Amino acid sequence: MRIQSMTGFARQVFTVGSSSYVWELKSVNGRGLELRFRLPPGFDGLEPSAREAVRSHLSRGSCYLNLQEDGGGAEAGVTINEAALRLVLERAKRLAQEDEVQPARADGLLSLRGVIVQGSNSEGAAEGPVAEAAVAALHEALKALVTTRLEEGERLRAHLTEIIDRIEALVEAAEARLGGMVERLRARIREQVEFISSETQLDEGRLYQEALMVATKADIREEIDRLKAHIAEARTRLAEGGVIGRRLDFLSQEFNREANTLCSKSSDHETTAIGLDLKSAIDQFREQVQNLE
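Just so you know, these numbers come straight off a predicted model, no measurement behind them.

**Observations regarding the sheet that holds strand 2 (residues 19–28)**
Taking strand neighbours across the sheet as the criterion, the four strands line up as 1-2-4-3 in an open arrangement whose pairing is mixed. If you trace the sheet from one side to the other, it starts and ends with strand 1 (8–16) and strand 3 (33–38), each paired once. On average, each strand axis in the sheet is inclined to that of its neighbour by 15°, with strand direction left out of account. In this structure, strand 1 lies alongside strand 2, joined through nine bridges in antiparallel fashion. Within strand 2, the position partnered with Thr15 by the bridge is Ser20. Across the sheet, helix 1 (residues 47–55) touches strand 3 and strand 4 (61–69), and the angle it forms with strand 3 is around 140°. The strands touched by helix 4 (residues 128–176) are strand 1, strand 2 and strand 4; relative to strand 1, the strand with the most contacts, the crossing angle is about 155°.

**Section: helix 9 (residues 269–289)**
In this model helix 9 runs 30 Å from its N-terminal to its C-terminal C-alpha over 21 residues, within 8% of the 30 Å that 1.5 Å per residue would give. The set of residues buried in helix 9 consists of Thr271, Ile274, Gly275, Leu278, Ala281, Ile282, Phe285, Gln288 and Val289. Buried residues of helix 9, viewed axially, fall in a sector of 140°; they line one side. Residues of helix 9 that are exposed and point more than 90 degrees away from the buried face comprise His269 and Glu287.

**Here's the deal with helix 1**
Of the residues making up helix 1, those classed as buried are Ala50, Ala53 and Val54. Around the axis of helix 1, the buried residues are gathered within 100° of arc, so they sit on the same side. Facing away from the buried side of helix 1, by more than 90 degrees, are the exposed residues Pro48, Glu52 and Arg55. Tucked inside the fold, the buried residues of helix 1 contact strand 3, strand 4 and helix 4.

**Describing the packing of aromatic side chains**
In total, this model carries three aromatic pairs according to the counting rule given. Considering the side-chain rings of Phe255 and Phe285, the 5.9 Å spacing of their centres and the 75° angle between planes classify their relative orientation as edge-to-face. Placement of Phe255 in helix 8 (residues 245–265) and of Phe285 in helix 9 is noted, with a sequence separation of 30 residues between them. Residue Phe285 is classed as buried on the basis of its relative accessible area, which comes to 0%.

**Some thoughts on the side chain of Ser62**
With respect to the helices and strands, Ser62 occurs in strand 4. According to the relative accessible area criterion, Ser62 is buried, its value standing at 5%. Within the structure, the side chain of Ser62 is placed 3.0 Å from the side chain of Glu34, a separation counted as a polar contact. With residues up to four places along the chain from it excluded, the contact list for Ser62 reads Lys26, Ser27, Val28, Asn29, Gly30, Glu34 and Arg36.

**Some details on the layout of surface pockets**
Over the atoms rolls a probe the size of a water molecule, and its path tells where empty space is left. Size it by volume and the second largest pocket reaches roughly 200 Å³. Residue lining of the second largest pocket: Met6, Asn29, Gly30, Arg31, Arg60, Gly245, Arg246, Asp249, Val289, Gln290 and Leu292, and that is the complete set.

**Quick look at the confidence of the model for the protein chain**
Summing up the model confidence of the protein chain, the mean pLDDT is 82 and the portion of residues at 70 or higher is 71%. For residues 72–76, every residue scores under 50 in pLDDT, and the model assigns this stretch one contact once sequence neighbours within four places are set aside.

**Brief notes about the pairing of strand 4**
Most of strand 4 is tucked away: seven of the nine residues are buried. Sheet topology places strand 2 next to strand 4; eight bridges connect them, and they run antiparallel. If you follow Val28 over to strand 4, its bridge partner there is Ser62. In this sheet, strand 4 lies alongside strand 3 in parallel orientation, the contact comprising six bridges. Paired with Arg38 across the strands is Asn66, a residue of strand 4. Handedness of the crossover joining strand 3 and strand 4 through helix 1: left-handed.

**Quick look at the pattern of salt bridges**
For the structure shown, the criterion picks out 18 salt bridges. A salt bridge links Glu34 to Arg36; the shortest N-O distance between them is 3.8 Å. Residue Arg36 is classed as partly exposed on the basis of its relative accessible area, which comes to 40%. The residue Glu152 makes a salt bridge to Arg155 at a minimum N-O spacing of 3.0 Å. Pair noted here: Glu152 and Arg155 are both in helix 4, with a separation of three residues, about one helical turn. According to the relative accessible area criterion, Arg155 is exposed, its value standing at 52%.

Parameters and conventions
Sequence positions are assigned chain by chain, starting from 1 and proceeding in written order. Note on the predicted model: pLDDT of at least 70 is required for a residue's local features to be given, and 80 or more for side-chain atom pairs to be given and counted; whole-chain, interface and lining totals, by contrast, use all residues. Processing note: side-chain calculations cover all non-hydrogen atoms of the structure and skip hydrogens and water entirely. At least two bridges found by DSSP between two strands is the condition for calling them paired. Counting from the N terminus, the helices are DSSP H or I runs at least four residues long and the strands are E runs at least two residues long. Only C-alpha atoms enter the line fits that serve as axes; for helices the fit covers just the stretch in contact. Angles between N-to-C directions range over 0 to 180 degrees. Here a residue-residue contact requires only that any non-hydrogen atoms of the pair lie within 4.5 Å. Expected span of a helix, by definition, is 1.5 Å for each gap between consecutive residues, and there is one gap fewer than residues. To sort residues, take the accessible area from a 1.4 Å probe on protein chains only and compare it with the maximum for the residue type: under 20% means buried, over 50% means exposed, and anything in between is partly exposed. This arc is taken over the directions from the axis of the helix to the C-beta atoms. Any two rings among Phe, Tyr and Trp, with Trp reduced to its six-membered ring, count as a pair given centres within 6.5 Å; such a pair is stacked if its planes are under 30 degrees apart, edge-to-face if over 60, and tilted if neither. The definition of a polar contact used here is a pair of N or O atoms within 3.5 Å, where within protein one atom must be able to donate a hydrogen and the other to accept one, and adjacent residues in sequence count solely through side-chain atom pairs. Method remark: on a 1 Å grid restricted to protein atoms, a set of points is classed as a cavity if a 1.4 Å probe fits but cannot get out and as a pocket if it is open with protein on both sides within 12 Å along at least five of seven lines; lining residues have an atom within 4 Å of a point. Grid points are joined across faces, edges and corners, and a volume is the space filled by probe spheres set on the points. In predicted models, pLDDT denotes the confidence assigned by the predictor to each residue on a 0 to 100 scale. Seen with its strands pointing away from the viewer, a crossover is right-handed if its path from the first strand over the helix to the second goes clockwise. The working definition used for a salt bridge is a side-chain nitrogen of Lys or Arg within 4 Å of a carboxyl oxygen of Asp or Glu.

Okay, structure coming up:
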């Protein structure tokens, strides 16, 4: 099954009579499904149907849905509210005379809310053929949005697989350090004792026991076993696909917990360096997982 990114964009134009409209959809990362609509005057009643349409296609992401009359500043789509403009002009003149303020400029007056009305054909658009066409076009736009999210999802799957490969290689490198750990620790303890006093007689049996005790505390086999289990789980989820973003996000937290413990138990610089590289790879994994639905 394919996986979806939460990032995508789509645009859908539709025509009703002599008027053309366009849906523009954009989605980005989100904890749940968050919808933000920007509808022209007269289309507010369309939002419930539009929300239902979105939920039938998407389950996660912050989605921005913009509907506007196509053609931008075409004169057919713009009207001036003459009554509102006259009222504003009268009050502007009165203020200029009484308070000696600067006369109002045309661009300032026309920018006032309610003076210019865009999309004059949208009156009552939440009902009838315009509403039906808008919802149908939204479904088409959502299909296109899902397509872009799926394409990005496949790129993410490949990238996440590469990161998992890197994590697995680092875990294997850490596991390889386990061999000869006791002997390395015994040599280190010997060096430390000799540094304190070259005349101190070392009991080889006691030295071995001390090294064994330190090695027991520094044993990272449990962390490696759990990291291997998490790697297998991540590969399974990526292969199965579907809505896996939350599951992989939780798994990345488990990865990080084991990597932190591995670093804290490390008994040598080489293992610590491997642990730090492991944490870096896990951070990259978690960052990319945030983009998945």
